[in-house]
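A look at the structure
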Amino acid sequence: MRDAAPTTIYLKDYKPFGFEVTSVALTFDLHPNATRVKSRIAFAPKPDAGGKIFLHGENLTLVSARIDGEPVQPEITTEGLTCPVPDAPFVWEAEVEIDPANNTALEGLYMSNGMYCTQCEAEGFRKITYYPDRPDVMSVFTVTINGPHPVLLSNGNPVDASDGHAEWHDPWPKPAYLFALVAGDLVAHSDRFTTRSGRAVDLNLYVRPGDEGKCAFGMQALKDSMRWDEDVYGREYDLDVFNIVAVDDFNMGAMENKGLNIFNSSAVLASPETATDNNFERIEAIIAHEYFHNWTGNRITCRDWFQLCLKEGLTVFRDSQFTSDMRSAPVKRISDVIDLRARQFPEDQGPLAHPVRPESFQEINNFYTATVYEKGAEVIGMLRRLVGAQGYDKALSLYFDRHDGQACTIEDWLKVFEDATGRDLAQFKRWYSQAGTPTVTVRDAWYSGTYILTFTQDLKPSATTPDPQPQVIPIVTGLLSRSGEELVPSQVLELTETSQSFTFEGLPERPIPSVLRGFSAPVVLHREMPEEHQAFLLAHDTDPFNRWEAGRELARASLLAMIRDGAKPDQRYLDGMHAVMAEDGLDPAYRALMLGLPAQSDLARTLHDMGEVPDPAAIWTASETLRDALAERLSDVLPGLHEAHQVREDYQPNAEQSGRRSLANATLSLLARLEGPARAQAQYDAADNMTQQLAALAVLLREKAGDNALHAFENQWSHDRLVMDKWFGLQVMQAAPDAVAATAQKLTEHADFNWKNPNRFRSVLGAMASHHAGFHHDSGAAYTLLADWLIKLDPVNPQTTARMCAVFQTWKRYDEGRQAMIAAELDRILALPELSRDTTEMLTRIRG
Ligand code: 0A1
Ligand code: ZN
């Protein structure tokens with residue numbers, strides 16, 4: 001039943017738990033509908049324990065409870081139990097019954113295709129047994145599993161195993177959210193890794209029979225991650241085994257449970273025939289991310305969930321460093337910024353805005369956000385720029401030395417930097433406490449040899465940050481001569497005031513500034529400078545990020561002029577792109593990124609910032625027109641580029657080959673605008689890997705020549721869940737705006753639309769919401785379809801429902817008609833009497 005008044009939890013109310021948990025022993029007797037969980041937990045009261053204990057527990061049937069062997073009758077509510085306890089150390093024993101087969105929310109212990117698995121972050125352990133389910137309670141766990149399954153896994157090291165029975169011991173104290181259990185008929189892809197101090201670690205990737213051929217890449221990524229963390233951060237693995245399990249039904253990407261990572265199968269399984277280059281790169285990054293959590297998250301965890309960015313921001317930062325080292329650093333940076341603008345900026349600038357460290361929440365699952373993760377990582381990137389690479393390394397060593405085995409706060413994190421580098425971070429800390437994306441405006445002046453750059457920063461007040469104060473903004477800047485030489489090499493300008501000028505003396509000529517190189521801070525930058533500067537930087541900037549950004553800015557300016565004034569595509573942009581495409585020395589992956597346009601949702605944001613009401617149909621038309629014009633302008637080089645970047649060697653998902661394929665496929669897509677679908681059809685017919693097959697299918701669908709290929713694809717891949725997710729999604733993504741809702745609707749009637757599977761649900765309805773012009777088509781059909789499905793999913797899986805609600809967060813940007821349609825849908829959902837806490841919180845915030 002929906003809470004009449006949902007409880008809000010505040011950071012300021014944090015209180016330590018009144019007891020130490022000295023050990024935990026759990027025994028599971030597995031049964032699909034009646035799993036028995038016995039717990040034996042040793043508690044030691046702290047001086048102010050108060051004579052009674054509260055243990056979290058939800059959806060549990062208590063069979064028995066004892067303290068020091070004596071039966072007790074605790075008081076039970078929907079949230080847990082309270083029981084009088086001795087004021088000396090005691091042993092709590094309980095037996096509960098749970099129903100994994102009917103656990104469709106995928107939190108706690110649940111079943112997926114006949115296999116048992118768990119998801120305990122953030123508060124899922126309380127659905128397994130009564131326990132102080134909070135991250136600052138860390139303990140050593142021993143786990144016994146009984147069940148008729150060939151594979152029985154839990155955290156730590158195996159201590160005993162026989163038919164239908166296994167015992168695991170995890171020597172590292174951990175919070176309950178890192179607990180995991182897996183049981184099923186699984187097969188292992190195994191390998192071994194020797195740490196630099198000589199510990200031999202058994203590595204296993206457990207999958208369903210039939211998926212064995214999709215494991216090799218993930219295993220290699222794991223070994224690369226283990227080596228990298230030793231080399232770059234000096235962090236070694238600390239158990240004798242490291243297990244990964246792939247599961248089909250999972251709400252998120254993956255989970256870093258100690259020694260037993262559980263992955264959404266889409267985030268680990270890959271073969272050249274079934275996964276694209278982008279899938280491979282994402283898998284490598286997620287494997288690294290989860291592995292890196294072993295130190296940043298598991299050995300050092302969070303004191304409370306408000307500190308989530310302590311582990312997530314840092315771990316995202318570390319996995320980006322890893323990908324930059326494994327692949328191309330500029331390409332990774334550009335991709336990350338595209339993603340930040342697409343996912344984090346709308347969050348930071350709308351009704352869901354919250355600081356990187358939020359100060360209140362109702363449902364913590366709603367705070368696994370782009371702000372906590374991606375902006376959290378940007379904040380660490382800024383910190384590293386400000387203290388320098390050496391200062392950062394020193395601070396991190398101190399962090400691991402000082403806090404190993406502890407549950408920490410952002411204050412602990414910043415103190416380590418202050419102590420290691422001597423820098424005062426009081427003002428920098430505002431990045432953690434203030435919500436919103438700062439806007440930085442830059443203008444320049446030139447007085448006989450003296451060049452002045454003046455920056456101002458502005459942060460709009462929001463519900464969580466009503467009185468914003470200036471932040472420390474590191475702005476990496478270089479100055480170029482008119483012939484493209486670096487007059488002043490990159491340096492960090494520290495903007496700390498609302499408005500601040502930086503002076504450069506003795507320059508031989510008025511330079512062209514290259515500002516915010518490498519996207520050195522997560523801000524919106526307004527350059528009050530001539531547009532010619534962007535054309536110049538596109539041709540000459542030595543900073544790869546800003547060179548790409550210059551192309552983007554020219555495209556953005558051109559699109560805005562087309563939308564607002566009916567202008568023609570900007571020739572400077574088209575000519576600039578032509579020159580870039582002719583530069584054979586430039587990384588193909590980088591050139592492929594250059595060919596992209598700003599996201600249509602990002603253009604809507606820019607128009608909104610300019611005080612205008614974005615028209616999704618006009619944005620769509622302008623984007624299509626500019627792409628057509630780009631194809632025309634590049635027509636003399638496209639065939640050569642396409643041909644030159646074909647990969648004729650055996651498929652490898654490495655950066656070099658995937659870069660070539662991405663440029664070849666970007667040119668294929670443009671060529672089809674000039675010459676129709678024949679080339680794409682030929683590629684489809686010849687494709688022996690999913691990257692080529694899917695890229696060709698996308699072009700065929702866009703060109704309305706995809707019916708045959710679509711059927712062939714379905715026949716070829718109907719047995720493969722992950723490939724079929726692509727089949728579902730692509731049809732929606734490639735539909736014309738007026739066909740998006742109808743296409744999605746039709747797909748929801750397909751026999752394989754298994755809507756309880758989060759991947760499949762997202763492949764259709766998530767794809768629909770990500771099609772800007774289709775989702776916001778003036779019929780309102782997509783709004784209604786999505787609302788219908790959110791209503792259906794909420795009682796089954798509140799977490800995935802609530803996450804999907806975020807697609808409505810930008811609704812107030814649009815015209816009154818669209819706003820009225822969206823408001824009606826939001827109200828229709830909010831009126832449901834039994835709406836989950838997750839969805840209620842999200843929609844209430846969005847509705848405003
Ligand atoms: N900690 C995981 C992500 C994750 C978070 C929450 C989950 O359920 C609510 C599941 C996974 C990570 O950062 O990879
Ligand atoms: Zn994480």
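Residues numbered from 1 in each chain as written. Chains lettered and ligands numbered in written order. Predicted model: local features only at pLDDT ≥ 70, side-chain atom pairs only at ≥ 80, totals over all residues.

The name given to the protein chain in an unreviewed UniProt entry is Aminopeptidase N, with the source organism recorded as Roseobacter sinensis. Looking at the Sequence similarities (unreviewed entry) heading of the UniProt record, one finds this comment for the protein chain: "Belongs to the peptidase M1 family." According to UniProt, the comment filed for the protein chain under the heading Cofactor (unreviewed entry) is "Zn(2+)". (UniProt positions renumbered as here; feature names shortened; annotations may be inferred.)

A word on the overall build of the protein chain. Broken down by element type, the protein chain carries 26 helices and 31 strands. Compactness check: the protein chain gives a C-alpha radius of gyration of 27 Å against a globular reference of 29 Å for 848 residues, within 12% of the reference. Seen along its three principal axes, the alpha-carbon backbone of the protein chain occupies a region of about 85 × 65 × 60 Å. The burial tally for the protein chain puts 50% of its 848 residues in the buried class. (Helix = DSSP H or I, 4+ residues; strand = E, 2+ residues; numbered from the N terminus. Rg over C-alpha atoms; globule rule 2.2 N^0.38 Å. Buried ≥ 20, exposed ≤ 12 C-beta atoms within 10 Å, placed from the backbone.)

Note that W811 resides in the loop between α24 (798-805) and α25 (816-830). For W811, a count of 21 C-beta atoms within 10 Å puts it in the buried group. Along the sequence, W811 and H776 sit 35 residues apart, while their C-alpha atoms lie 9.4 Å from each other. Apart from the residues within four sequence positions on either side, W811 is in contact with Q819 and I822. (Contact = placed C-beta atoms within 7 Å.)

Before going further, it helps to examine the UniProt feature "domain: Peptidase M1 alanyl aminopeptidase Ig-like fold" (unreviewed entry) in the protein chain. Feature annotation in UniProt places "domain: Peptidase M1 alanyl aminopeptidase Ig-like fold" (unreviewed entry) on residues 436-527, given in this structure's numbering. Spanning residues 436-527, this segment combines 0% helix with 54% strand, and its end C-alpha atoms are found 20 Å apart.

Turning to the sheet that holds strand β15 (residues 165-174), a few remarks are in order. In space, the eight strands of this open sheet follow the order β6-β5-β9-β3-β2-β12-β15-β14, with mixed pairing throughout. Bordering the open sheet on either side are β6 (70-71) and β14 (157-162), each of which pairs with just one other strand. Here strand β2 (residues 19-29) runs beside strand β3 (residues 35-45); their pairing, made up of 10 bridges, is antiparallel. Bridge assignment links V21 to a residue of β3, and that residue is F43. (Pairing = 2+ DSSP bridges.)

Attention now goes to the packing of helix α2 (residues 277-292) against helix α3 (residues 308-326). Viewed as axis vectors pointing N to C, α2 and α3 meet at an angle of 135°, and their least axial separation amounts to 9 Å. The angle between α2 and α3 places the two elements in the oblique class. Relative to α3, α2 is oriented so that their crossing is right-handed. Between α2, through E284, A285, A288, H289 and F292, and α3, the contact on the second element is made entirely by T315, V316, R318, D319, F322, T323 and M326. Residues that form the contact of α2 with α3 fall into these classes: six nonpolar, three polar and three charged. (Axes fitted to C-alpha atoms, helices over the stretch in contact; angles between N-to-C directions. Parallel < 35°, antiparallel > 145°, perpendicular 65-115°, else oblique. Left-handed = near helix turned anticlockwise from the far one by under 90°. Nonpolar A, V, L, I, M, F, W, Y, C, P; charged D, E, K, R; others polar.)

Every one of the 14 residues lining ligand 1 counts as a neighbour, but E121, M252, M255, N365 and Y368 are closest to it. Contributing elements (two or more residues each) for the shell around ligand 1: β20 (254-255) and α2. Taken together, the residues of the shell around ligand 1 sort by class into five nonpolar, five polar and four charged. (Near = placed C-beta within 6 Å.)

We now examine the UniProt feature "domain: Peptidase M1 membrane alanine aminopeptidase" (unreviewed entry) in the protein chain. Sites flagged by UniProt as "domain: Peptidase M1 membrane alanine aminopeptidase" (unreviewed entry) map to residues 218-431. Between the first and last C-alpha atoms of residues 218-431 the distance is 35 Å; the span itself is 56% helix and 9% strand.

Here we come to helix α20 (residues 740-748). Looking at α20, one finds that the buried residues are V740, A741, T743, A744 and L747. Down the axis of α20, the buried set is contained in an arc of 165°. They therefore lie on one face. Packed against the buried residues of α20 are α19 (721-733), α21 (758-770), α22 (772-775) and α23 (781-793). (Arc of directions from axis to C-beta.)

What follows deals with α19. Across its 13 residues, α19 extends 18 Å between first and last C-alpha, which sits within 8% of the 18 Å expected from 1.5 Å per residue. Among all positions of α19, only R721, L722, M724, D725, K726, W727, F728, G729, L730, Q731 and V732 are buried. (Expected span 1.5 Å × (residues − 1).)

Here R648 lies in the loop between α14 (638-644) and α15 (655-675). Remark: the alpha-carbon pair of R648 and G817, spanning 169 residues in sequence, is separated by 52 Å.

With an omega of 0°, the peptide bond running from E121 to A122 counts as cis. Inspection of the secondary structure assignment puts A122 in the loop between β11 (115-119) and β12 (139-146). Its identity is not glycine, yet D68 carries a phi of approximately 50°, on the positive side. One can find D68 in the loop between β5 (61-67) and β6.

Taken together, the four strands give an open sheet; going across it, the order is β10-β11-β16-β13, and neighbouring strands pair in antiparallel fashion. This sheet does not close on itself; its edge strands, each paired only once, are β10 (108-112) and β13 (151-154). Geometrically, the sheet is characterised by an average inter-axis angle of 15° between neighbouring strands, direction not taken into account. Bridge analysis of β11 against strand β16 (residues 181-184) gives two bridges, and the strand direction is antiparallel.

Take the pairing of β3 next. Where β2 folds back on β3, the antiparallel hairpin that results is connected by five residues. Alignment of β3 against strand β9 (residues 90-98), held across nine bridges, turns out to be antiparallel. Bridge pairing in β9 links I41 to W92.

Okay, the pairing of strand β27 (residues 473-480) next. Along β27, eight of the eight residues are buried, which leaves the element largely enclosed by surrounding structure. Pairing of β27 with strand β28 (residues 486-495) involves seven bridges; the strand directions are antiparallel. Bridge pairing in β28 links T477 to Q491. Taking the residues that link successive antiparallel strands as the turn, the β27-β28 hairpin has five residues, and the phi of G484 there is positive, at about 90°.

Close contact between helix α10 (residues 571-581) and helix α13 (residues 616-633) brings their axes to 10 Å; oriented N to C, the two are set at 50°. Taken together, the axes of α10 and α13 lie oblique to each other. Once α10 is placed against α13, the crossing between them reads as right-handed. Every residue of α13 that contacts α10 at L574, M577 and H578 is listed here: A629, L630 and R633. Grouping the amino acids of the contact of α10 with α13 by side-chain chemistry returns four nonpolar, one polar and one charged.

So, about the environment of R762. Considering the arrangement of structural elements, one finds R762 in helix α21. Through-space distance from the C-alpha of R762 to that of W789 is 11 Å; in sequence the pair is 27 residues apart.

Attention now goes to the confidence of the model for the protein chain. In the predicted model, the protein chain carries a mean pLDDT of 98, and the fraction of residues at 70 or more is 99%. At the level of chain-chain contacts, confidence expressed as ipTM amounts to 0.99, with global pTM at 0.98. (pLDDT = per-residue confidence, 0-100.)

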